[in-house]
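Overview (structure and organization)
Listed here are the chains, written in short residue letters.
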Protein chains: 2
Amino acid sequence: MSHLSLAQQRLLDAAADAFAEKGFGGTSTRDIAARMGRSSAAVYIHYGTKEELLYAISFQGHQEALAVLREARDAVEDPAAQLWAMVHRFSQWHMVHARRARVVQYEFGALAEEHRAEIRDLRREMSQLTVEVLGDGVASGAFVIADLEGTARAVLSLCIDLVRWFDPGLARNQERVAVLNADLAMRMVASPRTSLEG
Amino acid sequence: MSHLSLAQQRLLDAAADAFAEKGFGGTSTRDIAARMGRSSAAVYIHYGTKEELLYAISFQGHQEALAVLREARDAVEDPAAQLWAMVHRFSQWHMVHARRARVVQYEFGALAEEHRAEIRDLRREMSQLTVEVLGDGVASGAFVIADLEGTARAVLSLCIDLVRWFDPGLARNQERVAVLNADLAMRMVASPRTSLEG
DNA sequence: GTCTATATGTTGATAGAC
DNA sequence: GTCTATCAACATATAGAC
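Please read all numbers here as calculations on a predicted model, not as lab measurements.

**Here's the deal with the overall build of chain A**
Along chain A, the regular secondary structure elements total nine helices and zero strands. In chain A, which comprises 198 residues, the share counted as buried stands at 52%. Partitioning the contacts of chain A with sequence separation of at least 6, the portion at a separation of at least 24 is 69%. In the structure as shown, chain A presents an accessible area of about 9100 Å², 51% of it carried by carbon and sulfur atoms.

**So, the environment of Ser28(B)**
Residue and element names in this part refer to chain B. Tracing the sequence through the fold places Ser 28 in the loop between helix H1 (6–22) and helix H2 (29–36). Classification of Ser 28 as partly exposed rests on a relative accessible area of 29%. Remark: the alpha-carbon pair of Ser 28 and Gln 92, spanning 64 residues in sequence, is separated by 30 Å.

**Comments concerning the packing of aromatic side chains**
Overall, the coordinates contain seven aromatic pairs over all chains when judged by the stated rule. On the numbers, 5.8 Å between centres and 40 degrees between planes, the contact of Tyr55(A) with Phe59(A) is tilted. Within this pair, Tyr55(A) and its partner Phe59(A) are both found in helix H3 (residues 50–74), separated by four residues, close to a single helical turn. Here Tyr55(A) matches Phe59(A) in class, with each residue buried. Here the aromatic rings of Trp165(B) and Phe166(B) are separated by 5.7 Å at their centres, their planes lie at 75 degrees, and the arrangement is edge-to-face. The buried category is assigned to Phe166(B), whose relative accessible area is 5%. The ring of Phe24(A) is capped by Lys50(A), whose NZ or CZ atom sits 4.4 Å from the centre of that ring.

**What about the protein's contact with DNA strand D?**
Around DNA strand D, the surrounding shell holds 16 residues, and the nearest of these are Ser39(A), Thr29(B), Arg30(B), Tyr44(B) and Lys50(B). In DNA strand D, the atoms that sit within 4 Å of the protein are 57% sugar and phosphate, with bases accounting for the remainder. Take Tyr44(B): an N or O atom from its side chain is 3.3 Å from a phosphate oxygen of DNA strand D. Here a phosphate oxygen of DNA strand D and a backbone polar atom of Lys50(B) are 3.0 Å apart.

**Things to note about the protein's contact with DNA strand C**
Around DNA strand C, the surrounding shell holds 16 residues, and the nearest of these are Thr27(A), Thr29(A), Tyr44(A), Lys50(A) and Ser39(B). Sugar and phosphate atoms constitute 59% of the interface atoms of DNA strand C, taking the interface as everything within 4 Å of the protein. For DNA strand C, a phosphate oxygen lies 2.6 Å from a polar atom in the backbone of Thr29(A). In this structure, a phosphate oxygen belonging to DNA strand C sits 2.9 Å away from a main-chain N or O atom of Lys50(A). Residue classes in the surface near DNA strand C are distributed as five nonpolar, eight polar and three charged.

**Some points on the interface of chain B and chain A**
Listed by partner, the interface residues are 31 residues for chain B and 31 residues for chain A. Between chain B and chain A, the buried area comes to about 2500 Å², and carbon and sulfur atoms account for 52% of it. When residues of chain B are sorted by the area they lose upon contact with chain A, Arg153(B), Arg164(B) and Arg187(B) head the list and together hold 26% of the total. There are two salt bridges connecting chain B and chain A.

**Describing helix H4 (residues 79–96) of chain B**
The α-helix winds at 3.6 residues per turn, so residues separated by three or four positions along the chain end up facing the same way. An ideal rise of 1.5 Å per residue puts 26 Å on 18 residues; H4(B) measures up with 25 Å between its terminal C-alpha atoms. Burial within H4(B) is extensive, with 13 of its 18 residues counted as buried.

**A look at the side chain of Glu107(B)**
All names here are of chain B. Inspection of the secondary structure assignment puts Glu 107 in the loop between helix H5 (98–106) and helix H6 (113–140). Buried and unpaired, Glu 107 has no salt bridge, with Arg 102 as the nearest side chain of opposite charge at 7.2 Å. Within the structure, Glu 107 has its side chain in polar contact with the backbone nitrogen of Phe 24 (distance 3.1 Å).

**Re the pattern of salt bridges**
By the definition in use, this model includes 26 salt bridges over all chains. Lys22(A) is paired through a salt bridge with Asp31(A); the nearest N and O atoms lie 3.6 Å apart. The closest approach of N and O atoms between Arg176(A) and Asp147(B), which form a salt bridge, is 3.5 Å. Residue Arg176(A) is located in helix H9 (residues 174–189), and its partner Asp147(B) is located in the loop between H6 and helix H7 (148–160); the two belong to separate chains. Taking the relative accessible area as the measure of exposure, Arg176(A) reaches 45% and is therefore partly exposed. Salt bridges sharing partners connect three or more residues here, namely Arg73(A), Asp74(A) and Glu132(A).

**Focus: the relation of the copies chain B and chain A**
Here two copies of a chain appear, and what relates them is a rotation about an axis with a shift along it. Between the two copies, chain B and chain A, the superposition gives an RMSD of 0.0 Å; the rotation angle is 180 degrees and the shift along the axis is 0.0 Å. Between the two chains, the operation in question is that of a two-fold axis. Judged by C-alpha distance, Gly25(B) is the residue of chain B that lies nearest the rotation axis, at 2.4 Å.

**Digging into the side chain of His88(B)**
Within the secondary structure layout, His88(B) lies in helix H4. Residue contacts for His88(B): discarding those within four places in its chain leaves Glu175(B), Ala178(B), Val179(B) and Ala182(B).

**A closer look at H2(B)**
Residue and element names in this part refer to chain B. Along H2, the residues that are buried comprise Thr 29, Asp 31, Ile 32, Ala 33 and Met 36. For H2, the secondary structure elements touched by its buried residues are H1 and helix H3 (50–74). Looking one or two places after H2, you find Gly 37, whose phi comes out positive at around 70 degrees.

**Digging into the environment of Ile45(B)**
Relative to the assigned elements, Ile45(B) resides in the loop between H2 and H3. Linking Ile45(B) and Leu162(B), residues 117 residues apart in sequence, is a C-alpha distance of 33 Å.

Rules behind the numbers
- Residues numbered from 1 in each chain as written.
- Chains lettered and ligands numbered in written order.
- Predicted model: local features only at pLDDT ≥ 70, side-chain atom pairs only at ≥ 80, totals over all residues.
- Heavy atoms only, no water.
- Helix = DSSP H or I, 4+ residues; strand = E, 2+ residues; numbered from the N terminus.
- Buried < 20%, exposed > 50% of the residue type's maximum accessible area, 1.4 Å probe, protein only.
- Contact = heavy atoms within 4.5 Å.
- Areas by Shrake-Rupley, 256 points an atom, 1.4 Å probe, with all protein chains shown as cover.
- Phe/Tyr/Trp six-rings, centres within 6.5 Å; stacked < 30°, edge-to-face > 60°.
- Lys NZ or Arg CZ within 6 Å of the ring centre and 35° of its normal.
- Near = heavy atom within 4 Å.
- Polar contact = N/O pair within 3.5 Å; in protein donor to acceptor, adjacent residues only side chain to side chain.
- Nonpolar A, V, L, I, M, F, W, Y, C, P; charged D, E, K, R; others polar.
- Buried area = accessible area lost by both parts, 1.4 Å probe.
- Salt bridge = Lys/Arg side-chain N within 4 Å of Asp/Glu carboxyl O.
- Expected span 1.5 Å × (residues − 1).
- Lys, Arg positive; Asp, Glu negative; His and termini not counted.
- Least-squares fit on C-alpha atoms with pLDDT ≥ 70 in both.

Laid out in structure tokens, this is it:
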């Protein structure tokens with residue numbers, strides 16, 4: 001699965017940069033090759049079509065993002081601390097890997113139907129994970145939430161929309177934005193009586 | 001500005017549908033023409049290039065979205081009511097016009113530099129409008145906000161990210177989602193002492 | 001305003017030398 | 001694995017008839 005050669009990973013990174021900048025449809029295999037300093041034929045050594053390249057990027061990216069959410073949850077026990085960590089790290093991931101994350105989030109529709117189905121499963125796992133944590137918080141009385149699934153979606157939207165505007169050059173702002181998002185997510189769900197705000 | 005013939009508006013709608021589905025770079029002028037039942041030459045009657053077509057869609061869309069925010073604010077006086085209405089109507093707009101809104105939000109990078117500069121101004125106006133309302137709420141004691149600009153961005157993210165996943169076929173959910181987003185935005189900013197939650 | 005036809009360049013992908 | 005050379009299809013955009 002993740003046994004990619006260095007050359008292969010360089011190819012994926014070049015393709016992701018190009019897709020993020022010009023979109024999947026607006027990127028030519030020559031664009032990608034030029035970013036690696038190679039000829040366009042080099043693109044087809046590891047992947048048979050441009051779409052397979054996109055799928056590899058998308059699959060790897062979704063797995064990474066899902067792992068980030070899982071690790072954040074597993075690092076702590078309290079639902080409030082779990083949600084805070086999840087939003088903080090998920091936001092960070094979307095800023096640190098802004099270009100790859102943009103492809104992951106925006107080029108779903110460019111995947112072949114068979115590949116879309118696989119990615120859909122990974123996305124569902126992310127939603128379910130978030131819904132579970134929100135549900136645990138409601139059960140413990142820490143959260144007050146009327147619509148679990150809608151609120152989970154909204155919390156993830158806060159992080160995902162970063163790829164639309166965040167400039168990876170603004171590295172200094174990353175931590176500030178990640179903390180802001182995590183704090184805002186807490187406000188969105190916290191019971192008024194257990195406010196953690198300063 | 002908004003003096004578009006019916007044929008012209010049909011062209012923009014066909015182009016927006018195509019761009020939303022396949023991306024700007026992935027859409028050919030033949031795609032657009034086929035959606036209108038015309039030949040590809042018909043695309044060039046009103047606009048000289050594919051990019052001009054995108055700019056027309058983007059400009060019109062941003063103006064509409066900005067007007068929606070302004071009207072929501074102007075309809076009421078209290079900052080809390082203003083913010084609720086803005087998020088409610090801005091969310092609605094992104095769901096009702098999901099395909100056009102997707103082009104508006106995602107194809108900024110495909111615009112020519114001169115056009116990007118104009119669109120940037122409209123986006124800045126939206127941010128400023130939101131920051132102002134949040135600032136008024138802080139001044140009146142209704143809101144408690146540490147980072148005005150960051151929070152304004154987050155509130156708009158909630159609405160904008162709808163275009164990534166919302167299916168216009170799910171018309172029944174529109175009002176539910178719009179109300180949820182507006183309620184969540186209130187939680188994000190409301191002073192703990194003035195909670196409006198049920 | 002719309003068509004057919006077309007000029008000119010670019011595209012994804014492959015063949016075959018090294 | 002990487003290159004050069006190439007193919008057939010497709011791209012944007014235009015010319016000129018109706």
